[in-house]
Amino acid sequence: KHENLSILAGVPDGLPPLLKADRIQAKAAHVGFDWPAGSPEPLFAKLDEEINELKEAASENNPEHIAEALGDVLFMTVNLARRLGTDPDAALNTVCEKFKKRFEFMENKAHEDNKNLSDYTLEQLDGFWNEAKTVLLSRQHDSCNFKKMP
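Residues numbered from 1 in each chain as written. Predicted model: local features only at pLDDT ≥ 70, side-chain atom pairs only at ≥ 80, totals over all residues. Heavy atoms only, no water.

Draft legend 1. Quick peek at the packing of aromatic side chains. In this structure the tally under the stated criterion is 3 aromatic pairs. Judged by centre distance (5.0 Å) and plane angle (50 degrees), the rings of Phe99 and Trp129 are tilted. Taken together, the residues span a long stretch of sequence, with Phe99 in helix α4 (residues 88-112) and Trp129 in helix α5 (residues 122-144) at a distance of 30 residues. When the ring of Tyr120 is compared with that of Phe128, the centres are 5.0 Å apart and the planes differ by 75 degrees; the resulting orientation is edge-to-face. Exposure class is identical for Tyr120 and Phe128. Each is buried. Pairwise contacts between aromatic rings join Phe99, Phe103 and Trp129 into one cluster. (Phe/Tyr/Trp six-rings, centres within 6.5 Å; stacked < 30°, edge-to-face > 60°. Helix = DSSP H or I, 4+ residues; strand = E, 2+ residues; numbered from the N terminus. Buried < 20%, exposed > 50% of the residue type's maximum accessible area, 1.4 Å probe, protein only.)

Draft legend 2. How the structure looks around α4. With 25 residues, α4 extends 36 Å between its outermost C-alpha atoms, agreeing within 8% with the 36 Å of an ideal straight helix rising 1.5 Å per residue. Listed in full, the buried residues belonging to α4 are Pro88, Arg102, Phe105, Met106, Lys109 and Ala110. Taking the backbone nitrogen of Asp89 as reference, a side-chain oxygen 2.9 Å away marks Asp87 as the first, capping residue of α4. Phi turns positive one or two residues past the end of α4, at Asn114, with a value near 55 degrees. (Expected span 1.5 Å × (residues − 1). Polar contact = N/O pair within 3.5 Å; in protein donor to acceptor, adjacent residues only side chain to side chain.)

Draft legend 3. Quick look at the layout of surface pockets. One number sums up the size of the largest pocket: a volume of about 220 Å³. If you trace the largest pocket, you find it lined by Thr94, Glu97, Lys98, Lys101, Arg102, Lys133, Leu136, Leu137 and Gln140. When residues in the lining of the largest pocket are grouped by element, the largest group, 5 residues, is from α4. Class assignment for the residues of the lining of the largest pocket results in 2 nonpolar, 2 polar and 5 charged. (1 Å grid on protein atoms, 1.4 Å probe; cavity = no way out; pocket = protein on both sides within 12 Å on 5 of 7 lines; lining within 4 Å. Points joined across faces, edges and corners; volume = space filled by probe spheres on them. Nonpolar A, V, L, I, M, F, W, Y, C, P; charged D, E, K, R; others polar.)

Below, the structure written as C-alpha cells:
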C-alpha cells in the first residue's frame, strides 16, 4: 500500500460535510488552486452554472445525476462562503434556527385555533409564515433597541 502524500489526506473523512468541503477547499487554495482574488462574481457565475446543471438533472429525473449536481451546488456554495468570509456551517445553523422559530410560530397559531397545521391550505400556511417573518423580525428589532433611562 502506498502512502497518500496528498495535501488533502489530512482532511479526516469523518468530518461533517460542510466542514470537510471547507477544509478541502482551503488546503487546495493554500497551494494556489483557488478562484482569483477580488470580486466574488466568478464564483456566483459558477454557482449559477451548477444550479443550471441541477435543474437539468432534475428534468431528467436521474437520481445519480441529481445527487452529483446537488453536491456540486453545495460544494460551490461552501466555496462562495469561504470567499465571503462566512462559516457555512454557522450560516446554515442560523437559518435552521430561524426556520424553527417561524415554524413554531405557525404551530402556535394553529394551536390557538385548536387545529393542526395539516388542517390549513398551503396558502393559509404561507400567510402564517409571512406573519411569522414580520412578527419575529419586529421582536428581534425590539430586543435590540435599548431604551434610555429617564
